[in-house]
Amino acid sequence: MSELNYVTKETLQQMRDELSKLKTTGRAEIARQIADAREKGDLKENAEYDAAKEAQGHHEAKIAQLESALMSIRIVDAKNIDTSKVSILSKVTVTNLSTKKTVEYQIVSETEADLKAGKISSSSPIGKGLLGKHPGETAEITVPSGILKFRVESITA
């Protein structure tokens, strides 16, 4: 079994909606593309047919991946977050001790991660390094470019 994936109710619903769309309209569209390509003649030398079959394979792989992710989901409610330490779904304000820049991140599952929105994955190096830290603590995090030091300023739900 894969690793547990903690998400909000909203993200769970988005994932279910996406899976439903992939299984219905997505499969129908690919079947139409395959049928259109099949009508164009010899399948041995039909690049459109090959491309449609390849797209079908990618589509089915995405469905399988989403189904697998849904089996390992646990719902987390933001109201129940312990703000005494960094945990999944908590918002943490940190200061990079080398640049003195302060940023706020929300620690989320890999599925919800969006750096532009300030959401980092709990499985990312920074996310892992911050988990369990208390306000005032310093986290030394090894990233590909070296070691980063972050001081936890505050934690909110």
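Enquirer: Please give an account of the pattern of salt bridges that cites residues and values.
Expert: Scanning the model with the defined rule gives 8 salt bridges in all. Two residues, aspartate 36 and arginine 32, come together in a salt bridge whose shortest N-O distance is 2.6 Å. Of this pair, aspartate 36 and arginine 32 both sit in helix α1 (residues 9-38), 4 residues apart, which is roughly one turn of the helix. A relative accessible area of 41% means that arginine 32 is categorised as partly exposed. The salt bridge partner of glutamate 48 is lysine 40, with a shortest N-O separation of 3.0 Å. When its relative accessible area of 43% is taken as the criterion, glutamate 48 is described as partly exposed. Given the relative accessible area of 52%, lysine 40 is considered exposed.

Enquirer: Any chance you could break down the sheet that holds strand β5 (residues 119-121) for me, citing the residues and the numbers?
Expert: Read across the sheet, 5 strands follow the order β5-β4-β3-β7-β6 without closing on themselves; strand pairing throughout is mixed. Two strands bound the open sheet, and with one partner strand each, they are β5 and β6 (138-143). Taken pair by pair, the neighbouring strands of this sheet meet at an average axis angle of 45°, ignoring direction. Pairing between strand β4 (residues 102-108) and β5: 3 bridges, direction parallel. Looking at the pairing, glutamine 106 lines up with lysine 119 of β5.

Enquirer: Please give an account of helix α2 (residues 47-71) that cites residues and values.
Expert: Its 25 residues place the ends of α2 36 Å apart at the C-alpha level, agreeing with the 36 Å of an ideal helix rising 1.5 Å per residue. Within α2, burial applies to Tyr49, Ala52, His59, Ile63, Leu66, Ala69 and Leu70. Where the residues of α2 are buried, they touch α1 and β2 (73-75). At the N-terminal boundary of α2, the capping side chain belongs to asparagine 46, with an oxygen 3.1 Å from the backbone nitrogen of glutamate 48.

Enquirer: With reference to specific residues and values, describe the pairing of β4.
Expert: Direction of pairing for strand β3 (residues 91-96) relative to β4: antiparallel, over a ladder of 5 bridges. Along β4, the bridge assignment pairs lysine 91 with glutamine 106. Connecting the antiparallel pair β3 and β4 is a turn made up of 5 residues, with lysine 100 showing a positive phi of about 65°.

Enquirer: I'd like a rundown of the pairing of β3, residues and numbers included.
Expert: The buried count for β3 comes to 5 of 6 residues, which makes it a mostly enclosed element. Relative to strand β7 (residues 146-156), β3 runs antiparallel, the two being bridged by 6 bridges. Across the sheet, residue asparagine 96 finds its bridge partner in β7, namely phenylalanine 150.

Enquirer: Which residues make up unusual backbone geometry, and what values do they have?
Expert: Non-glycine residue leucine 89 carries a positive phi angle of around 75°. Looking at where leucine 89 falls in the secondary structure, it is placed in the loop between β2 and β3.

Enquirer: Any details on the nonpolar core? Residues and values, ideally.
Expert: Ranked by internal contacts, the top residues of the largest apolar core, which has 14 residues, are Val86, Val92, Val94, Ile126, Leu130, Ile141 and Val152. Breaking this core down by element, the ones donating at least two residues are β3, β4, α3 (125-130), β6 and β7. With sequence-adjacent residues up to four places away left out, isoleucine 141 is seen in contact with Pro125, Ile126, Gly129, Leu130, Gly146, Ile147, Leu148 and Phe150. Among the nonpolar cores identified, the runner-up in size contains 10 residues, and Val7, Leu19, Leu22 and Ile73 belong to it.

Basis of the calculations
- Residues numbered from 1 in each chain as written.
- Predicted model: local features only at pLDDT ≥ 70, side-chain atom pairs only at ≥ 80, totals over all residues.
- Heavy atoms only, no water.
- Salt bridge = Lys/Arg side-chain N within 4 Å of Asp/Glu carboxyl O.
- Helix = DSSP H or I, 4+ residues; strand = E, 2+ residues; numbered from the N terminus.
- Buried < 20%, exposed > 50% of the residue type's maximum accessible area, 1.4 Å probe, protein only.
- Pairing = 2+ DSSP bridges.
- Axes fitted to C-alpha atoms, helices over the stretch in contact; angles between N-to-C directions.
- Expected span 1.5 Å × (residues − 1).
- Contact = heavy atoms within 4.5 Å.
- Polar contact = N/O pair within 3.5 Å; in protein donor to acceptor, adjacent residues only side chain to side chain.
- Core = buried A, V, L, I, M, F, W, Y, C linked by side-chain atoms within 4.5 Å.

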